[in-house]
Amino acid sequence: MNSSELLNDYVKYNLWANKQLAGLLKTIDQTWIDKEVMSSFPSLRKTAFHIWDAEFVWLSRLSGTSPADFPSKKYSTEVHPAEFTNGSQEFLAFIEKQEENFFSAKTSFKTFDGTAYDTPNDQILMHIMNHSSFHRGQIVMMLRNLGFKGEMPRTDMIIYFRENVRQ
């Protein structure tokens, strides 16, 4: 397996895992969505939107633009946080269209404060997929702290491989 196939699998896994968690978010007690819980972000909504925002920003950068703001700022309570998977789907659609040389190329972009960077695309992909995994873990922890007693979706990468990738 070459690095582009591996990274492609990682982005596919990210979408799959996000969908697993989004499915749960649609079924829980909806009063929990905006309830404050100690974490990096103070609610399930804000944590899910942070995943969406980060994937949007990095996808924009990989596509050649440097966004000035996060997309979730235009949403409030009318958008369910489970919709963060839309960004993951767009990310995957973009990555699936890329040629092999894309993964070893660099992307030039500016951060919100105007700092310029040139970063290898494979590093960007590893970063953003790992970032999403980190915050999915926080969502699980937040749900437990809110009192969720049900079964959590299994989002381990090995489960994804067993269910979706060649053996």
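Cut-offs used in this document
- Residues numbered from 1 in each chain as written.
- Predicted model: local features only at pLDDT ≥ 70, side-chain atom pairs only at ≥ 80, totals over all residues.
- Heavy atoms only, no water.
- Helix = DSSP H or I, 4+ residues; strand = E, 2+ residues; numbered from the N terminus.
- Rg over C-alpha atoms; globule rule 2.2 N^0.38 Å.
- Buried < 20%, exposed > 50% of the residue type's maximum accessible area, 1.4 Å probe, protein only.
- Contact = heavy atoms within 4.5 Å.
- Expected span 1.5 Å × (residues − 1).
- Axes fitted to C-alpha atoms, helices over the stretch in contact; angles between N-to-C directions.
- Parallel < 35°, antiparallel > 145°, perpendicular 65-115°, else oblique.
- Left-handed = near helix turned anticlockwise from the far one by under 90°.
- Polar contact = N/O pair within 3.5 Å; in protein donor to acceptor, adjacent residues only side chain to side chain.
- Salt bridge = Lys/Arg side-chain N within 4 Å of Asp/Glu carboxyl O.
- pLDDT = per-residue confidence, 0-100.

A. Structural detail: the overall build of the protein chain. On a plain count of helices and strands, the protein chain comes out with six helices and two strands. For the protein chain, the sequential pattern of α-helices and β-strands runs α-α-α-α-β-β-α-α. Rg of the C-alpha trace for the protein chain: 16 Å, near the compact-globule value of 15 Å for 167 residues, within the 12% margin. Its C-alpha atoms give the protein chain principal-axis dimensions of roughly 45 × 45 × 25 Å. Counting all 167 residues of the protein chain, 47% fall into the buried class. Taking the intrachain contacts of the protein chain between residues at least 6 apart in sequence as the baseline, contacts between residues at least 24 apart amount to 74%.

B. Structural context of helix H2 (residues 44-62). Over its 19 residues, H2 runs 27 Å from end to end, which matches the ideal 27 Å to within 8%, given 1.5 Å per residue. With 17 of 19 residues buried, H2 lies mostly within the body of the structure. Gly64, located one to two residues past H2, shows a positive phi value of around 100°.

C. Layout of the packing of helix H1 (residues 3-27) against helix H3 (residues 85-96). Look at H1 against H3: their axes get within 9 Å of each other, and the N-to-C directions meet at 165°. In terms of axis orientation, H1 runs roughly antiparallel to H3. Once H1 is placed against H3, the crossing between them reads as left-handed. From H1, Asn8, Val11, Lys12, Asn14, Leu15, Asn18, Lys19 and Ala22 reach across to H3, where they touch Thr85, Ser88, Gln89, Phe91, Leu92, Ile95 and Glu96.

D. Up close: the side chain of His50. Inspection of the secondary structure assignment puts His50 in helix H2. A distance of 3.4 Å separates polar atoms of two side chains, one belonging to His50 and the other to His135. Excluding its chain neighbours within four sequence positions, the residues that come into contact with His50 are Phe41, His131 and His135.

E. Examining the pattern of salt bridges more closely. For the structure shown, the criterion picks out one salt bridge. A salt bridge links Asp34 to Arg45; its shortest N-O distance comes to 2.6 Å. With Asp34 in the loop between H1 and H2 and Arg45 in helix H2, this residue pair connects regions lying eleven residues apart in the sequence.

F. How the structure looks around the confidence of the model for the protein chain. The pLDDT averaged across the protein chain works out to 92; a share of 95% of its residues lies at or above 70. Of all helices and strands in the protein chain, the one with the weakest mean pLDDT is helix H6 (residues 157-164) (92), whereas helix H5 (residues 121-146) scores best (97).

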